[in-house]
Amino acid sequence: MAETIIETAGKYKEMADMIGVSVAEESFDDTVPQYIQNALLRLYYAIALEEKTEELQAAFSEETDEETVTAVMNASETVEAVSNAAFSEVDEYSRQDREFSAMIEAVSVNSAADGMNGLLYKLYKCEGIIRMAYRCAAKFPIYGIKGGITARHCDMLFGNDRPDNENDPSMPPEDYITEKLGIDIFGLFEIRQRLLEMIRETMKGKSG
């Protein structure tokens, strides 16, 4: 069993390395530079792969040996690095391009745009809100993405001080985000999962 997990972790790490340098051959939005389209696709693949590495971590037990833990954590760190790099690339472009930023801000789960570009934009915005919620709860610096939870929103909710969960370190961040910040983080996870599935189906349709 441990050997299977190690092999699977190694496979996921290789996939993450490939995602980090992948380039899309086809454009899905002529209004956005190709490198941003590539970053959005890498973000999708990385998030999907993050779920797989989390499943491996969920299988850990007291009997799990160090070699297995190390292999899974190495894979997880590689996937996270790819995800962070892709998100940061799109985030930086959003800061620089007002039209793109305004378009992302206008995107909602129920908006009509459900082509590949619309789905990837929704995924990016959903991921941004999730990341900000965690950063706000952990008192870490917050990205200035347009829409969703921002540093300004946290200031308005909690005054000049960031929310502090140091009084109850045993509280899981998800519970803190839900109970203290009033953000339905599990609902956001469900939305992200649904978007992943829709993007996957859209890709199958295009390849078929």
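How each quantity is defined
- Sequence order as written defines residue numbering, which begins from 1 separately in each chain.
- Restriction of local features to residues with pLDDT of at least 70 applies here, the model being predicted, together with a cutoff of 80 or more for giving and counting side-chain atom pairs; totals for whole chains, interfaces and linings are based on all residues.
- As a rule here, side-chain values come from all non-hydrogen atoms in the structure, and water together with hydrogens is ignored.
- Strands are runs of DSSP state E lasting at least two residues, helices are runs of H or I lasting at least four, and both sets are numbered from the N terminus onward.
- Exposure is judged per residue with a 1.4 Å probe applied to protein chains only, and the accessible area is read against the type maximum: over 50% gives exposed, under 20% gives buried, and values in between give partly exposed.
- Contact definition: two residues touch when any of their heavy atoms are within 4.5 Å.
- Here the open area of atoms and residues is found with the Shrake-Rupley method and a 1.4 Å probe, where only the protein chains shown may cover a residue.
- Counted as salt bridges are all cases of a side-chain nitrogen of Lys or Arg within 4 Å of a carboxyl oxygen of Asp or Glu.
- Given the number of residues in a helix, its expected span is that number minus one, multiplied by 1.5 Å.
- Two N or O atoms form a polar contact when they lie within 3.5 Å of each other; inside protein one atom must be a possible hydrogen donor and the other a possible acceptor, and for residues adjacent in sequence the pair counts only when both atoms belong to side chains.
- For every residue, the pLDDT score states the predictor's confidence, bounded by 0 at the bottom and 100 at the top.
- Whether two aromatic rings pair depends on their centres lying within 6.5 Å, for rings of Phe, Tyr and Trp, where Trp uses its six-membered ring; planes under 30 degrees apart make the pair stacked, over 60 edge-to-face, and the rest tilted.
- Lysine and arginine charges are scored as sitting over a ring when NZ or CZ, respectively, is within 6 Å of the ring centre and within 35 degrees of the ring normal.

### Overview of the overall build of the protein
Thought 1: Scanning the protein from terminus to terminus reveals 8 helices and 0 strands.
Thought 2: Overall, the protein shows an N-to-C arrangement of helices and strands of α-α-α-α-α-α-α-α.
Thought 3: Considering the protein as a whole, with its 208 residues, one finds that 39% of them fall into the buried category.
Thought 4: Restricting to contacts in the protein with at least 6 residues of sequence separation, those with at least 24 account for 64%.
Thought 5: Put simply, the protein shows about 11600 Å² of open surface, and 51% of that area lies on carbon and sulfur atoms.

### Notes on the environment of alanine 106
Thought 1: When you line up the elements, alanine 106 lands in helix α4 (residues 98-106).
Thought 2: Residues alanine 106 and lysine 122, spaced 16 residues apart in sequence, show a C-alpha to C-alpha distance of 9.9 Å.

### Looking at the pattern of salt bridges
Thought 1: Tallied over the entire structure, the rule returns 6 salt bridges.
Thought 2: Where aspartate 17 meets lysine 13, a salt bridge forms, and the shortest distance between an N and an O atom there is 3.6 Å. In this pair, aspartate 17 and lysine 13 are both assigned in helix α1 (residues 2-21), 4 residues apart and thus about one turn of the helix distant.
Thought 3: Two residues, glutamate 89 and arginine 42, come together in a salt bridge whose shortest N-O distance is 2.8 Å. Of this pair, glutamate 89 sits in helix α3 (residues 66-96) while arginine 42 sits in helix α2 (residues 34-58), placing them 47 residues apart in sequence.
Thought 4: Overall, glutamate 89 belongs to the partly exposed group, its relative accessible area being 26%.
Thought 5: Salt bridges here are not isolated pairs; linked through shared partners, they connect Glu127, Arg131 and Arg192.

### Topic: the environment of valine 82
Thought 1: Within the element layout of this structure, valine 82 appears in helix α3.
Thought 2: The spacing of valine 82 and alanine 16 is 66 residues in sequence and 6.8 Å in space, taken between C-alpha atoms.
Thought 3: Among all residues touching valine 82, those that are not within four sequence positions of it are Ala16, Ile19, Gly20 and Ala46.

### Quick notes on α3
Thought 1: Taking 1.5 Å per residue, 31 residues should reach 45 Å; α3 reaches 44 Å between its end C-alpha atoms and fits that length.
Thought 2: Sitting at the head of α3, aspartate 65 places a side-chain oxygen 3.1 Å from the backbone nitrogen of glutamate 67.

### Here's the deal with the confidence of the model for the protein
Thought 1: The share of residues in the protein with pLDDT of 70 or more is 79%, and the mean pLDDT across the chain is 81.
Thought 2: Across the protein, the element-wise mean pLDDT spans from 41 in helix α6 (residues 151-158) up to 94 in α3.
Thought 3: Confidence over residues 140-167 falls short of pLDDT 50; this stretch has 55 contacts with residues more than four positions distant or in other chains.

### Here we look at the packing of aromatic side chains
Thought 1: One pass over the structure, following the stated rule, counts 6 aromatic pairs.
Thought 2: When the centroid spacing of 6.3 Å and the interplanar angle of 85° are considered together, the rings of tyrosine 35 and tyrosine 93 count as edge-to-face. Within this pair, whereas tyrosine 35 is found in helix α2, its partner tyrosine 93 is found in helix α3, the two being separated by 58 residues in sequence.
Thought 3: The exposure class assigned to tyrosine 35 is partly exposed, which follows from its relative accessible area of 40%.
Thought 4: An aromatic cluster is defined as three or more aromatic residues linked by ring pairs; in this entry it consists of Tyr35, Tyr93, Phe100 and Tyr121.
Thought 5: In this arrangement the basic side chain of arginine 131 is found over the ring face of phenylalanine 87, its NZ or CZ atom lying 4.5 Å from the centre.

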